[in-house]
Structure formats: structure tokens, C-alpha cells
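# Tertiary structure, described
Residues per chain, in single letters:
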Amino acid sequence: MVVEVDKHLLPMKGHYFLFNAGTAPVVPFIPTLAKQLGYSSVIVGIIYTILPIVGLISKPLFGAIGDRFHIQKRLFIIFQLVIIVSFFAINFIPSIPANSEFHCHNGATLMKFCPPNLNEIDKCMIEQVVDENNANTFGAHMKCEKNSAWRSVCSYWNVPGLCESSDKSVTINSFIAHNRIERLGDCFHLVFSNGTINDHSTTLYCPKDKDKVEMSCQVDFESETVSELFAGATDDQVKTTYQFWTFFMMLVISWAGMAVVVSIGDAICFEMLGNKPQKFGYQRLWGSVGWGTFSIIAGLLIDKFSEGKTSKDYSIGFYLMAGALVFDMIVSSRLKHTQTKLSTNILKDVGKIFKSFRVVVFFIWCICVGIGTAMVWNFLFWHLENLAATQESCSYDSSMKTLQGLVMGIQCFGGEVPFFFLSGKLLKKIGHINAMNLVLVGFVLRFFLYSILSNPWYVLPIELLNGVTFGIFYATMASYASSVAPQGTEATLQGLVGAVFEGVGVSTGSFIGGILMDKYGGAITFRYYALAFAVFFVCHLIIQWILERIYGPHGKKKSEVEAIADDKDENFDINRDDNKS
């Protein structure tokens, strides 16, 4: 009997492995890729505030569509293709154009850059670009806005019709040597003397006896390294660029796709498990194996393909993503799944569960965990890179993606896999409520340890706690939701729970985290989060103690949740797990 069930579930295990293997080379690196493209932590926080809301809408919406029209499997596969296309497009989005000032004064012509994120730029990158011994040149294409001082110098540049032109801007193409880049305080000066305007080569002469000419410019560099060093603008300027909106829209589409695939996939899995929902962890752990394996591989390959470059080349991660998800589509098409549990009134049936105060507390707990998870998902790597930038040796930067890959590997193999494997027995032993408390305590310890990190490599043993903060959490969340879902609403409720976790919790955590990271830095932000979760834990402990006094762990007064569970065909008690095979 056990062998037969395992054969039936092999494609499901394959999906969990391949889907996570496909998203691992891309998803965790998106925040640091955004940082490299010139986005501040505030902008990234805003992006990750909106993305979970996309999941909040997509999960229950497409879950309900799948339940209503019995097309779960079809939606499941279609959205895998959507993820491939939208994620792969991100690889080709250029960095934010550098904003600078054109200075023509006292006989010198230069571009002045004052990057808004200078404190977060890796000093090793600066050293490699601002090199006094490197006379190599790179092209710079400058589009500068004319102003009243413009005419005082344009006549000296000997370009026909230049001064008479009614154009509001002037485009200057020039070549700049690395050894002509100077850092002065919080700004960089790129000195040059020659350029091309309207296809005319000229000397950009600046007379010493004239007033200083300053023009606001947007600059594109032919050197990818220099472009990424000076990439960035103020947050308001970033929001006006096509690069930002293309990047944002591709993330929105891919996040919607992932939300649908995850929620419908879990619903299909629980339906295939039948009356053994406690076996969910055995299936889901294969997702952790895929994530851990490919995150390590991706980290190593990104560092390998970035050798000799001052910025990271993430292209290999996108190719790994596409390959794994194509295989996932093939495996998913072999799922032997037919939706048999139907609800005649999905909204009414789902609405029943909110009559229970225990369920309301459960949803609030999911939101709190989402707030903490946002910091790990979106800002842990950001914190590690900033921490590496403070180290004396540049070797930390060259191996940063390897470290981040190992972080995810330990999160999966040292944390999630063991806890997913043991989740059924653990939930039977301690119950859902104690598991919820354990998750909150895990976050307190994890965030405090992040706040006292002095070396980015010391993060590795801390990641074992991911088994508590995500492994136990995910199994508890999915199992609890499945147990209270009225018949025929499984996909809808799984989508709703996941949507609340991400759409409210992760969204809120991303917004708050982005602001705190920008204002206080990583160490203080993680310390604040540790304190907040200590408060969450105490509040949850007190509330559950009060509810136990009202209903009792196995008291005579049956809770609303247990009443809903009794309405299901499965004979599944949420306070225990059936280990019979």
C-alpha cells in the first residue's frame, strides 16, 4: 500500500524538486540584482511590498477559478510557462542611467557623479574602476539639458549650428580613461577634454575667465562595470525610467505565476494525499532539496562567470531557471490528478471558517511570520553584502554569491529538509499551537544573531534555524489550513492562507524593512525585528492560553474549527495526526 502511494506521488515530488530548483537561481538574488542595477533599499522595499499583494490577489482568485471550473492542473502548467518568460526577460533589463552634472569651469571639463547609494557601493569595485595605473578608456554618451549658462561655452567648441540650435538638450559622446576618474568626498569626477557633438569631433574647451557652466545630464557608459558603479538616481528619478517599470512589471507577472503554481500545487498535493495530510511534509521536502541544490550551484556559477568583472553576472542563473522549469512542465503534465471534491458555494463554505476565533488567530500568526520572513527573503543578502563591504579584504566580494548559495543550501538541507521530513511526527507530538509558538521563538533568536554578525561567513550556522522559522511554519500552515477547509474549497483556502502570509505579512515586512534598512542599516534593523518577535511570541502565548481555558485542549466544548473539520469526508482531527499507512 505504501509503495503504491509513493508511485502515485512521484510526479508531485518531481514538481516540488524542479519548481524550487528553477526558482532558486533567480528569486533570492533579485534584491541584490536590483541593488546592482541602481535601486535603493527603499525602492526594493516598495517593490516587495507590492509583489506579495499581487500574490494576495492571484492565489485565491485563480484558486477559486480552478475549483469552480475544475481546471487546476491546466492553470498549474500554464503559469509555469508564464514564470519562465517573465523571469528570463529580467536578464536583459539594463541598469538605471547614471545622473550627473556637466561641469565646465576654470579650464577643466568633467562629469560629476554623486551616487545616492555611495555608502553601499563595494569599496573593492571602486578600487578597480578608479585605478591610477589603468589608462584604458571607455565610451560615455551624455545627454545634457541646456541652461542659461550654456551659450558662454558653446561658441568655443566650433560645432556648426550648435549655439543656434533650438534643441533643449545637447548630446556629447566622449572617451574617458580610468586614471582620469577621481573620488572627492561623496562624489566622483570624470575628467575629459575631447568629444563628439552632431558627428563633429571637437575639443571641449572651457575658458578660465568665464563663469562656471553646470548642466544636468543622463549618462550611458559603454563599460558595464563603470555603468553599474555609477548606476542609480534619486528614488523619484528612478520611478520615471523605463528600466524601473520594465523590471517591476516582469516581477509582478512572475510573482503572480509563482503564487498560482504554489497554491494550486499544494492543493493538488493534499487532494492526492487523501486522508493522510500529515504526509505533506514528505512531499514538500523535495522542494527544499531542489532549492538547496540549485542555489548552491547557482551561487558557485555566478561567482565563476563573474571572474574578472567588478559586478556580478547573473545570466547563468536565468538559464538554469528556464531549463529546470521546462522540465517541471513536462513532469507536471504526468500528474494523475482529477479534482473530485467540489463545493456548490465556495465563498459561503470558506466564510464558515472565520466564525472561529482560533482560525482568526491562526491568520494573524501567518501575518506575523510573513513580516519576519520578508526580512530573510529580501534583506538578508543585502545585509551580508554591506557587511562584506566593511571588511578589509576584497576576497569577501569575489565569493559573495558562493556564500549566498551556501546560505540557501544550509537553509534547505540543514534546516528545511529534516523538519519537513519530521513535520508529521512533530505536529502529532506537540500540536499545531506549540508549533506556532516555536516558530516565533525561532525568529527571535535568528534576528538577534543576525544583528551581532561581524563577519558575513558567520551567518552559515545561523541558517540551521530556517528549519524552525520556515520548515515548521510551512508544514503547520498548510496542514492547519487543509484540516479546516470545507470540502471542495481546498485550493481556495490554501490560496487564501498563502495570500494572507505573503500579501499582508511579507508585504508589510518588506515595506517596514526597506525603510529601516535605509535609515539604520542591517544590524539595528534586525535587532528591532528580534524585539518585535519577542512581543509577538508573548502575545500569542497569552491568547492561546486564554483560548485553551475556554475550549480546553480536548475539552467537552467543541471549537468551531473542529466542527468544520468534522464536516469533511476525511476523518482527520486537527489535534492529532494519523500515522497509519
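Since this is a predicted model, take the numbers as computed values, not measurements.

## Focus on the overall build of the chain
Within the chain, the regular secondary structure consists of 19 helices and nine strands. Counting all 581 residues of the chain, 58% fall into the buried class. Restricting the contact set of the chain to residue pairs at least 6 apart, pairs at least 24 apart contribute 84%. Element-wise, carbon and sulfur atoms account for 60% of the exposed surface of the chain, whose accessible area totals about 24400 Å².

## A closer look at the state of the cysteines
Formally, a disulfide is one covalent bond, and it connects the sulfur atom of one cysteine to the sulfur atom of another. Applying the stated criterion across every chain yields a total of two disulfides. Linked covalently through their sulfurs, Cys 144 and Cys 217 form a disulfide whose S-S length is 2.1 Å. Handedness of the Cys 144-Cys 217 disulfide follows from its S-S torsion of about 105°: it is right-handed. Taken together, the residues span a long stretch of sequence, with Cys 144 in strand E3 (residues 137–145) and Cys 217 in strand E9 (residues 213–221) at a distance of 73 residues. A single burial state applies to Cys 144 and to Cys 217, both of which are buried. Put simply, Cys 154 and Cys 163 are joined by a disulfide, and their sulfur atoms are 2.0 Å apart. Handedness of the Cys 154-Cys 163 disulfide follows from its S-S torsion of about 125°: it is right-handed.

## Focus on the packing of helix H4 (residues 72–90) against helix H11 (residues 315–332)
Where H4 meets H11, the axes come as close as 10 Å, and the angle between the chain directions of the two elements is 170°. When the axes of H4 and H11 are compared, the pair comes out roughly antiparallel. Taking contact as the criterion, the partners of Lys 73, Phe 76, Ile 77, Gln 80, Leu 81, Ile 83, Ile 84, Phe 87, Phe 88 and Ile 90 in H4 are, on H11, Phe 318, Tyr 319, Met 321, Ala 322, Leu 325, Val 326, Asp 328, Met 329 and Ser 332. Counted by class, the contact of H4 with H11 contains 15 nonpolar, two polar and two charged residues.

## Quick look at the packing of aromatic side chains
All chains considered together, the criterion is met by 35 aromatic pairs. Between the aromatic rings of Tyr 520 and Tyr 528, the centroid separation amounts to 5.7 Å while the plane-to-plane angle is 90°, which identifies the pairing as edge-to-face. What makes Tyr 520 partly exposed here is its relative accessible area of 36%. Assessed through its relative accessible area of 41%, Tyr 528 is described here as partly exposed. Within the aromatic cluster, the residues linked to one another by ring pairs are Phe 362, Phe 363, Trp 365, Trp 377, Phe 470, Phe 473, Tyr 474 and Phe 501.

## Structural notes on empty space enclosed by the protein
Per the counting criterion, the structure on display carries five cavities of 30 Å³ or more. Taken as a whole, the largest cavity encloses approximately 900 Å³ of empty space. Of all the elements in the fold, those that place two or more residues in the lining of the largest cavity are helix H1 (2–23), helix H3 (41–69), helix H9 (242–273), helix H10 (280–305), helix H13 (357–389), helix H15 (400–451), helix H16 (466–484) and helix H17 (490–520). Sort the elements by how many residues they give to the lining of the largest cavity and H9 lands first, with seven residues.

## Examining the side chain of Lys 312
Along the chain, Lys 312 falls in the loop between H10 and H11. Residue classification places Lys 312 among the buried positions, given a relative accessible area of 13%.

## Here's the deal with the pattern of salt bridges
Under the counting rule described, the total for this entry stands at five salt bridges. For Asp 303, the salt bridge goes to Lys 312, with nearest N and O atoms at 2.7 Å. Exposure remark for Asp 303: the relative accessible area of 6% places this residue in the buried category. Among the ionic contacts, a cluster of salt bridges with common partners joins Lys 35, Glu 385 and Lys 401.

## Quick word on the confidence of the model for the chain
Across the chain, pLDDT averages 81, with 83% of residues at or above 70. Per-element averaging of pLDDT across the chain places helix H19 (residues 560–566) at the bottom with 48 and H11 at the top with 94. Residue range residues 554–581 is modelled with pLDDT below 50. Its contacts to residues more than four positions away, or to other chains, number 57 contacts.

## Concerning the environment of Val 159
Its place among the elements puts Val 159 in the loop between helix H6 (151–154) and strand E4 (169–177). In this structure, the C-alpha to C-alpha distance between Val 159 and Thr 203, residues 44 residues apart in sequence, is 10.0 Å. With near-sequence residues (within four places) excluded, Val 159 lies in contact with Ile 197, Asn 198, His 200 and Thr 202.

## A look at helix H18 (residues 522–551)
Along its 30 residues, H18 runs 42 Å from first to last C-alpha, staying within 8% of the 44 Å computed at 1.5 Å per residue. Within H18, the full set of buried residues consists of Gly 522, Thr 525, Phe 526, Tyr 529, Ala 530, Phe 533, His 540, Gln 544, Leu 547 and Tyr 551.

Thresholds, definitions, all that
- Residues numbered from 1 in each chain as written.
- Predicted model: local features only at pLDDT ≥ 70, side-chain atom pairs only at ≥ 80, totals over all residues.
- Heavy atoms only, no water.
- Helix = DSSP H or I, 4+ residues; strand = E, 2+ residues; numbered from the N terminus.
- Buried < 20%, exposed > 50% of the residue type's maximum accessible area, 1.4 Å probe, protein only.
- Contact = heavy atoms within 4.5 Å.
- Areas by Shrake-Rupley, 256 points an atom, 1.4 Å probe, with all protein chains shown as cover.
- Disulfide = S-S within 2.5 Å.
- Axes fitted to C-alpha atoms, helices over the stretch in contact; angles between N-to-C directions.
- Parallel < 35°, antiparallel > 145°, perpendicular 65-115°, else oblique.
- Nonpolar A, V, L, I, M, F, W, Y, C, P; charged D, E, K, R; others polar.
- Phe/Tyr/Trp six-rings, centres within 6.5 Å; stacked < 30°, edge-to-face > 60°.
- 1 Å grid on protein atoms, 1.4 Å probe; cavity = no way out; pocket = protein on both sides within 12 Å on 5 of 7 lines; lining within 4 Å.
- Points joined across faces, edges and corners; volume = space filled by probe spheres on them.
- Salt bridge = Lys/Arg side-chain N within 4 Å of Asp/Glu carboxyl O.
- pLDDT = per-residue confidence, 0-100.
- Expected span 1.5 Å × (residues − 1).

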